[in-house]
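Analysis of the macromolecular model
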Protein chains: 2
Amino acid sequence: MHAIEEVDTANRTMTVQAGCILQTAAEAAEEQGLLLPLDFGARGSATVGGCVATNAGGNMVIRYGMARDMVLGLEVVLADGTIVTSMNKMLKNNTGYDLKQWFIGAEGTLGVITRVVMRLRPHPRSQNTALLAVDDFDSVGKLLHWLDGNTAGTLSAFEVMWPDFYEFITRQGSIHRAPLPHGSAFYVLVETLGSNPEADAESFETVLGEAMEQGLVSDAVLTRSQSERNALWEIRDDVLEFFKLGPIIPFDVSLTIEKMESFVSDIREGMDRLDASICVVFGHLGDSNLHLILGNENPDAFDYGALETLLYESVERYQGSVSAEHGVGLSKRAHLPRSRSEAELQLMVGMKKMLDPNNILNPNKIFSADKIAAT
Amino acid sequence: MHAIEEVDTANRTMTVQAGCILQTAAEAAEEQGLLLPLDFGARGSATVGGCVATNAGGNMVIRYGMARDMVLGLEVVLADGTIVTSMNKMLKNNTGYDLKQWFIGAEGTLGVITRVVMRLRPHPRSQNTALLAVDDFDSVGKLLHWLDGNTAGTLSAFEVMWPDFYEFITRQGSIHRAPLPHGSAFYVLVETLGSNPEADAESFETVLGEAMEQGLVSDAVLTRSQSERNALWEIRDDVLEFFKLGPIIPFDVSLTIEKMESFVSDIREGMDRLDASICVVFGHLGDSNLHLILGNENPDAFDYGALETLLYESVERYQGSVSAEHGVGLSKRAHLPRSRSEAELQLMVGMKKMLDPNNILNPNKIFSADKIAAT
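Residues numbered from 1 in each chain as written. Chains lettered and ligands numbered in written order. Predicted model: local features only at pLDDT ≥ 70, side-chain atom pairs only at ≥ 80, totals over all residues. Heavy atoms only, no water.

Re the packing of aromatic side chains
Test applied: Geometry of aromatic contacts follows a simple scheme: Phe, Tyr and Trp rings, the Trp one being its six-membered ring, pair when their centres are within 6.5 Å, and the pair is stacked under 30 degrees between planes, edge-to-face over 60, tilted otherwise. Each residue gets one of three labels from its accessible area relative to the maximum for its type: buried under 20%, exposed over 50%, partly exposed in between, using a 1.4 Å probe on protein chains only. Only DSSP runs of H or I covering at least 4 residues are called helices, and only runs of E covering at least 2 are called strands; the numbering of each starts at the N terminus. Criterion for a charge above a ring: Lys NZ or Arg CZ within 6 Å of the ring centre, and within 35 degrees of the ring normal.
Tallied over the entire structure, the rule returns 24 aromatic pairs over all chains. For the ring pair Phe-302 of chain A and Tyr-304 of chain A, a centre distance of 6.3 Å and an interplane angle of 90° mean the geometry is edge-to-face. On the accessibility criterion, Phe-302 of chain A (23% relative accessible area) is partly exposed. Measuring from ring centre to ring centre gives 5.1 Å for Trp-162 of chain B and Phe-186 of chain B, while their planes differ by 80°; the resulting arrangement is edge-to-face. Within this pair, whereas Trp-162 of chain B is found in the loop between strand S9 (155–161) and helix H7 (163–169), its partner Phe-186 of chain B is found in strand S10 (residues 186–194), the two being separated by 24 residues in sequence. A single burial state applies to Trp-162 of chain B and to Phe-186 of chain B, both of which are buried. In this structure an aromatic cluster arises from ring pairing among Phe-165, Phe-168, Phe-242 and Phe-282 of chain A. Between the NZ or CZ atom of Arg-171 of chain B and the centre of the ring of Phe-168 of chain B, over which it lies, the distance is 4.0 Å.

Structure representation (structure tokens):
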């Protein structure tokens, strides 16, 4: 159940069994000069089947999309034991309903994905990475558009860190050196993936230089080596470090970009009211995805429910999504109605009842047995 | 029902009503410096709702995907009159089942799409176009990979014309001048969309020059103006010209690339056996999509059924798709089982029965009433 069945270089696809580890699959593609453009911190333990069942996102979504966008075909076992083999390898196939879409992101509640055909891309030959300091949120949004408009679709990461993230991770005594001095309003890790190392490096510098001239960027560090690049990404990826602060909850939400600043400010005010001191914000801003870490340095005062309510009530007020890329599972089930209407939820439960009438597939994930019975 | 409700430049989305003409929507995006990356010959009459309901493809799929890939949200009216409003504007939203996917490409048989949120892209600032002559099919495949690997994802068109297409459209007396002499095995129209006019033109020339040095390309014409570019595209788009040859049937199929040459050769042999003289082949090869025009110069000998059977039997034998981008409707309904298994079809009919139990939505499209009753 974890084999790589094929890497098809002519059609640039790979066929893998669901239990294959993401990193193993990515390495098999790379050996053929191809890219499986799905990557995130848990690459060494996540399975491809899990990535597809949860529609995983990660660090390259702005360029290549989420797991859904790279699935060409799949095989799924239905609740009644029927094996539906739909291992399409073609980019275009409009023969009836695109039923693979029903199972991608359904968290195993509609069927068990057993095999997958993934679309591969040419492996990039250049990678340009920089950390930028930005003075205000308006400039962050303009910078995103400036870079995306001037890098011809090669922008693959636009990761924003609020100061509470960056300054804690690079604090004195940390294993991470601060590539830019503390004191800026925002820090943005940007990366492009291209095909011409020399020309791409030159144009990356030019485009960033122009952003500085326009006042969108106040300071910048460009990496000159793979180790410098790794050091930047390690800052962005060292989320576990925040567990040292005290009990925390990591959140994964989506908001349209013009609402983000006000949303974060509301959350901070709420945290003050709750006398809860940990509020760390970062995210894949190019994908409308914010991560927040809320908690309390005083474990005795840590109130899980209050923090969760504060966060999800705000998401609802701002018409955001309570789950951007992490899915629903058990923990966000109760909050689903904050982002989805009753009509949408009824339609979803109808699908669940059709495909899994006895509620045997990953039961109680996304929808509780009670919700299903009541719909 | 045909209004553009909003072009949101901050989030780079547009909200349109289903009856809006594609070209109107695209122009509204362009006025804001943004690109609605869906384009094909019928842009002036196709509606956005129709594009989404049929998951339309077109000329930029290799770069931006099909209609499905640019839909962020939609509103749909169900068979029971329920309006499901799911007008998401965020790139990431994993809150339960992604139900918009159920309706995209379902040809109006599961619900009536009334409004759509489309993702927009930065409008490209450079466009480089060339017509290439290629000596053999193996080189066509290698050329696709060479260009895609060396243009960093900016390759937006890779349109292959077999000689019967190119040489007829540019024959003596035609309104189209032949930019390359007749006599080559394949003609490929390639285009990149970039952000830096000067640098992109230079690298386009370099990459094509290297392809010639490798022997992948035997002759090339690069366009130097918009009118030259238009002239190339007019050759590719002048499909109606083939109606002058006699009664014809246009087909739209998908095949994995390594099977295409042998497939086309089988079709030609079959046409010889049927004594049918018109066999024209072209396609979006980067998307695994071939278009074939089959017919007979002698109208009295034109046998619709025989040509259709020849074509679709071959598609089935080569495990291709009987509909790449044009959908199923009525005319391909009988051929659906050639590309989809009984298990897949049963699952689809189950969905149809759940969402449209009285078969009132675009009845008999994709599935006949008899098929639904029998499943």
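Details of the relation of the copies chain B and chain A
Defined as follows: Least squares is used to superpose the copies, and the fit set is the C-alpha atoms of residues whose pLDDT is at least 70 in both copies. Contact between two residues is taken to exist if any of their heavy atoms lie within 4.5 Å; hydrogens are not considered.
At an RMSD of 0.0 Å, chain B and chain A line up after a rotation of 180° and a shift of 0.0 Å along the axis. Both copies of the chain, as the preceding transformation shows, are related through a two-fold rotation axis. In terms of C-alpha distance to the rotation axis, chain B has Gln-101 of chain B as its closest residue, with the C-alpha 3.1 Å off the axis. Looking at the interface residues of chain B, 99% of them are also at the interface in chain A, so both copies use one shared face.

Brief notes about the interface of chain B and chain A
Here is the rule: We define buried area as the total accessible area lost by two parts upon association, computed with a 1.4 Å probe and summed across both. The term salt bridge refers to a side-chain nitrogen of Lys or Arg lying within 4 Å of a carboxyl oxygen of Asp or Glu. We define a polar contact as two N or O atoms separated by no more than 3.5 Å, with the added condition that, inside protein, one atom must be a possible hydrogen donor and the other a possible acceptor, whereas residues neighbouring each other in sequence contribute only through side-chain atom pairs. Three classes are used: nonpolar for Ala, Val, Leu, Ile, Met, Phe, Trp, Tyr, Cys and Pro, charged for Asp, Glu, Lys and Arg, and polar for all others, with Gly counted as polar.
Taken residue by residue, the interface counts 87 residues in chain B and 86 residues in chain A. Buried surface at the junction of chain B and chain A, both sides included, amounts to about 6,500 Å², of which 56% is carbon and sulfur. Ranking the residues of chain B by area buried against chain A places Lys-92, Asn-94 and Tyr-97 of chain B at the top, with a combined share of 16%. Linking chain B to chain A there are eight salt bridges. Between chain B and chain A we count 54 residue pairs in polar contact (both at pLDDT 80 or more) in total. Among the elements of the structure, helix H3 (61–64), helix H4 (67–70), strand S5 (83–86), helix H5 (100–103), helix H6 (137–150), S10, helix H10 (257–273) and helix H12 (342–355) of chain B are those that each provide at least two residues to the side of chain B that touches chain A. Its residues assigned to classes, the side of chain B that touches chain A shows 33 nonpolar, 38 polar and 16 charged.

Notes on the environment of Asn-364 of chain B
Residues and elements named next belong to chain B. Take Asn-364: it is sitting in the loop between H12 and helix H13 (369–374). Of the residues examined, Asn-364 reaches a relative accessible area of 29% and is grouped as partly exposed. In this structure, the C-alpha to C-alpha distance between Asn-364 and Leu-330, residues 34 residues apart in sequence, is 7.0 Å. Excluding residues within four positions of it along the chain, Asn-364 makes contact with Gly-329, Leu-330, Arg-333, Asn-359 and Ala-369. Polar contacts involving the side chain of Asn-364 include one to the main-chain amide nitrogen of Ala-369, which spans 2.8 Å.

Examining helix H10 (residues 260–273) of chain A
Residues and elements named next belong to chain A. Let me state the cut-off plainly: By this rule, a helix spans an expected 1.5 Å times one less than how many residues it contains. Relevant arc is that of directions from the helix axis to the C-beta atoms, nothing else.
In this model H10 runs 20 Å from its N-terminal to its C-terminal C-alpha over 14 residues, within 8% of the 20 Å that 1.5 Å per residue would give. Among the residues of H10, those classed as buried are Met-260, Phe-263, Val-264, Ile-267, Gly-270 and Met-271. Projected onto a plane normal to the axis of H10, the buried residues spread over an arc of 120° and lie on a single side. Residues Asp-272 and Arg-273 are exposed on H10 and point more than 90 degrees away from its buried face. Among the structural elements, helix H6 (137–150), strand S12 (248–254), strand S13 (278–284), strand S14 (289–295) and helix H11 (304–317) are those in contact with the buried residues of H10.

The quantities given are spatial measurements derived from coordinates; they are silent on function.
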